[in-house]
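What follows is each chain in one-letter form.
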Amino acid sequence: MEMMSTNGSTDEGLKSELGRQGIVVSSFNEIYNWGRRNSVWPMQFGLACCAIEMIATTMSRFDLARFGAEVFRPSPRQADLMIVSGTVTKKMAPQVVRLYNQMAEPKYVIAMGACAISGGPFKQGYNVLKGIDRYIPVDVHIPGCPPRPEALIHAFMTLQRQIDAQVLTGVARPRHLNASAPSEFPIPEFGDHDLLPSHNREVWKAPPGRSAGEPSE
Amino acid sequence: MEGTTGSIGRRTFGMTNVQAIREQILAALPKSNIELVENDSPCGQHSLLVEAKDLLGVARFAKSPTGLGFDYCSNVTGVDVVDRIETSRRKEKRIVDGEETEIERVEETRIPGWLEVVYHLYSMRDRKGPLILRARTGDRLEDVALPSLTPVWRSCELQEREVYDLYGVVFTGHPDLRRLLMWDDFKDHPMRKDYVEPDDYDYEPTPHNAVLDRLQARKG
Amino acid sequence: MAILMESLTRRNHGQNAEIEIFTHEPASLDGELMEVSMGPQHPSTHGVFRMNVALDGETVVKLKPVFGYLHRNHEKIAEGASYLAAMPYTDRLDYFCSLSNNWAYALSVEALAGITVPERAEYIRVISAELTRLVNHSCLIGFLVQDMGASGTPLMYAFREREKILDLIESLTGARMMCNYMRFGGCRCDLPTGWLDEARKVVAEFPRFLDEYEALLSSNEVLLARTQKVGVLDAELAVNAGITGPMLRASGVNYDLRKVDRYGIYDRFSFRIPLGDHGDVYDRYMMRLLEMRESVTILEQALKSIPEGPVIDPKAKIRGFRPKPGEAYGRIESPKGELGFYLISDGSANPSRYRIRPPSLINLTVLEDMCLGHKIADVVIILGSIDIVLGEVDR
């Protein structure tokens, strides 16, 4: 995994040369991201089958603690990462969005497994949400049904890489440093047959070339 | 090759047993209306169709230790039988323009559907079963009430709530008849055969023909 | 201050009545019930289960479970798919025990269509189902003890063993959790070479883990204090409420489908059915431990006597399978209780009614009865001792 910050201000060659002499040069950006990347606390929040693999990932053989993420917090207020581990039903979706809203910035979402991505094998179900990214932004998607613990670890490393690449200033700065970026998203309501609205247009757009039935509102 | 078969059939009742049980119930409750429903499958689990008004009495008799002794109600299932249209063709001779011709007349008769609830009873004491009781509602829309068997077997409590939720059978005498799985304001009963699901997944390529057809229809 | 005064009065009542002069009844503490909604996101509800609890102080006076947060329409989907296409969905019912679920479904379809199963396949089914039982029970105890506050360690031991068994299952079926292994008339593929030896090794080592677990837990003071006489369920109510599985046997009712129905080839193995005396959480915990020992016995016998031969009936149809009109209810003793499938065929390629009899859901019928009068902390343990998996509760 590359250890560089992407703002390009550090000369990598000089840095490693100095490092060999025992002098550590870093930037604030780098240290900030290093700290955040290695202490991501996931929320203890299991939805379905994938939750078991999520637990297995934290247990003996796979040991997510090696990545600084073993502290599963039962409260969304103390968590940085929501692992949407399993099928999100329409009955559960408002609660998932509410939990996401209750998390403090910076916060990340991993959609674990086919169901969380798109409804997966249960896509045809009348009570199944076709992907949690219809309501909240997702940082990493992991396919699989369920994804193996190795896949979750890979997703976690991908997230760490994403955190590492964040530049703290400028237009592309992360959401938690941008006061105008939204950190809470509207919670859908129960309708007669479906959630209202059926997706959040700010977050999710129908793929191009498909006739998107307008969300009922 | 030696195979094992019918491993669940070992303890199922044969036709004569079910017939005998029916006689037993009729002897105890002479006014009740019970029909034997045959099952052609090799497992031979035949069932008894009980009229709704007699269901509670039959259930009490089936449970009582001095009656049939089925102390354990394992499974409650809702079944939706939709209206079907039976077409009958009839040939008719008619004189048209002075010439006798045969005309085929197609007659459509609408056979109304019903909702059915199936109870699988076992006896833990005597280790026998299943005795299968079924009851039908009058139709699918208005006359959908059936007596609840929760007062007889507690195990029906959640399962009857589920049948009410997903099929819309109203169980009279149920202590707490609310939706079980869907949210409270949900309309309709989604497990019914004619339930139309919300069209919220036609954005993506799916192999589900029905959805693609609906999508094409909307485009066209 | 008022609270302190009041408690002082109560304690001294009768001995020093004068102190009552200084107290007044605080109106706000007068028996108001507090309603707590536990779940659907709660660390101890084993998934997205929710309970609305009314509390008098810390004592439960009312408890209403709320279901449906994982209702993913398995039955409806299966009714629109072919018989075989429902098999992978059964994996996702009780996602700890996909192989047992496969078996229950295969058994029902076999009863519906009258398909025979070759002997080797029956042995493989017994072996895989009992391995699944080991996984389920050991993890359940891990979660149960975790709910009591033993954070991590017992669960880690359980998951360590689970990984060993999952390795076996993976090399047999190709997947860790969602095995999709059984077919109508047998199993999908034969055992890989050397699998039986590996399995014998794992099974031979398993009692050591059980001894370790028992030494750590069974006479642990905290566990005894928190589980004995908690959540008592008497036998009569258990039978009437349709409770099945280890929970029923903890209440002393001898009803195990492996003995009652003798489905598959269970009549060829000698094993005992452990029974409880008190029907409390401790008995339910103990039931799982003892059942694991019996499962090991069954596994040893099955691994010793498994014959050679085909693993699937060559006459069984895989494609274009259309059973004759009729219906069948098949049930097995899954680790959680009686798992049944009720199928109605109308002669077409997909079942016209496909119903699952979920043991987890029906075992929850008596949750309120068991929790009333206990403290809210006990609710968590009582729920844990029922052993629910939400995939099966809500389907």
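Refer to the preceding data block for the structure.
Residues numbered from 1 in each chain as written. Chains lettered and ligands numbered in written order. Predicted model: local features only at pLDDT ≥ 70, side-chain atom pairs only at ≥ 80, totals over all residues. Heavy atoms only, no water.

A few points about the interface of chain C and chain A
Counting residues at the interface gives 32 residues for chain C, matched by 35 residues for chain A. Overall, the association of chain C and chain A removes approximately 3000 Å² of surface from exposure, summing both partners, and the carbon and sulfur fraction of that is 63%. Taken as a group, Gln-41, Tyr-69 and Arg-72 of chain C account for 21% of the area that chain C buries against chain A, more than any other trio of residues on that side. For Arg-162 of chain C, the salt bridge identified is with Glu-53 of chain A, shortest N-O distance 4.0 Å. At the surface where chain C touches chain A, the tally comes to 14 residue pairs in polar contact (both at pLDDT 80 or more). The biggest single contributor to the side of chain C that touches chain A is helix H6 (residues 153-173) of chain C, with nine residues. (Contact = heavy atoms within 4.5 Å. Buried area = accessible area lost by both parts, 1.4 Å probe. Salt bridge = Lys/Arg side-chain N within 4 Å of Asp/Glu carboxyl O. Polar contact = N/O pair within 3.5 Å; in protein donor to acceptor, adjacent residues only side chain to side chain. Helix = DSSP H or I, 4+ residues; strand = E, 2+ residues; numbered from the N terminus.)

Digging into empty space enclosed by the protein
Residues and elements named next belong to chain C. On inspection of all chains with the given rule, the structure shows eight cavities of 30 Å³ or more. Here the largest cavity defines a volume of roughly 90 Å³. What lines the largest cavity is a set of 13 residues, among which Phe-96, Ser-98, Leu-166, Ile-169 and Arg-176 lie closest to the centre. Elements with a contribution of two residues or more to the lining of the largest cavity: helix H4 (98-113), helix H5 (119-147) and H6. (1 Å grid on protein atoms, 1.4 Å probe; cavity = no way out; pocket = protein on both sides within 12 Å on 5 of 7 lines; lining within 4 Å. Points joined across faces, edges and corners; volume = space filled by probe spheres on them.)

Observations regarding the nonpolar core
Counting 212 residues, the largest nonpolar core has Met-82 of chain A, Tyr-119 of chain B together with Tyr-105, Leu-364 and Leu-367 of chain C as its most contacted members. At 14 residues, H5 of chain C tops the list of elements feeding residues into this core. In contact with Tyr-119 of chain B, not counting residues within four places along its chain, are Leu-55, Cys-73, Asn-75, Val-76, Leu-131, Ile-132, Leu-133, Pro-147, Leu-149, Cys-156, Glu-160 and Phe-171 of chain B. Core analysis: the next-biggest nonpolar cluster, separate from the first, contains 21 residues, Leu-64, Phe-72, Val-140 and Leu-152 of chain A among them. (Core = buried A, V, L, I, M, F, W, Y, C linked by side-chain atoms within 4.5 Å. Buried < 20%, exposed > 50% of the residue type's maximum accessible area, 1.4 Å probe, protein only.)

Focus on the sheet that holds strand S8 (residues 128-136) of chain B
All names here are of chain B. Spatially, five strands are ordered S2-S3-S8-S7-S4 in an open sheet, and the strand pairing comes out mixed. Unpaired on one side and paired on the other, strand S2 (34-37) and strand S4 (72-81) mark the two borders of the sheet. The sheet shows a mean angle of 25° between the axes of neighbouring strands, taken without regard to direction. Two elements, S4 and strand S7 (residues 114-123), share nine bridges in a ladder whose sense is antiparallel. Each bridged residue has a counterpart across the sheet, and for Val-76 the counterpart in S7 is Tyr-119. Where helix H2 (residues 52-63) meets the sheet, it contacts S2, strand S3 (47-50), S7 and S8, and its direction lies at approximately 135° from that of S3. Contacts from helix H3 (residues 156-167) reach S4 and S7, with the element oriented near 5° to S4. (Pairing = 2+ DSSP bridges. Axes fitted to C-alpha atoms, helices over the stretch in contact; angles between N-to-C directions.)

Some points on the side chain of Glu-368 of chain C
All names here are of chain C. Inspection of the secondary structure puts Glu-368 in helix H14 (residues 367-371). With a relative accessible area of 19%, Glu-368 lands in the buried category. With residues up to four places along the chain from it excluded, the contact list for Glu-368 reads Lys-62, Leu-63 and Lys-64.

Considering the interface of chain C and chain B
Interfaces are often described in size by the accessible area the parts lose on coming together. Contact residues are listed per partner, giving 63 residues for chain C and 53 residues for chain B. Buried surface at the junction of chain C and chain B, both sides included, amounts to about 4700 Å², of which 51% is carbon and sulfur. Counting the contacts that link chain C with chain B gives five salt bridges. Counting across the chain C and chain B interface gives 28 residue pairs in polar contact (both at pLDDT 80 or more). With six residues, strand S7 (residues 326-334) of chain C is the largest single contributor of residues to the side of chain C that touches chain B. Its residues assigned to classes, the side of chain C that touches chain B shows 29 nonpolar, 13 polar and 21 charged. (Nonpolar A, V, L, I, M, F, W, Y, C, P; charged D, E, K, R; others polar.)

Remarks on the environment of Glu-51 of chain B
Residues and elements named next belong to chain B. Among the structural elements, Glu-51 can be located in the loop between S3 and H2. Taking the C-alpha atoms as reference points, Glu-51 and Ile-34, separated by 17 residues in sequence, lie 6.6 Å from one another. Here the side chain of Glu-51 touches Asn-33 through a polar contact of 2.7 Å, side chain to side chain.

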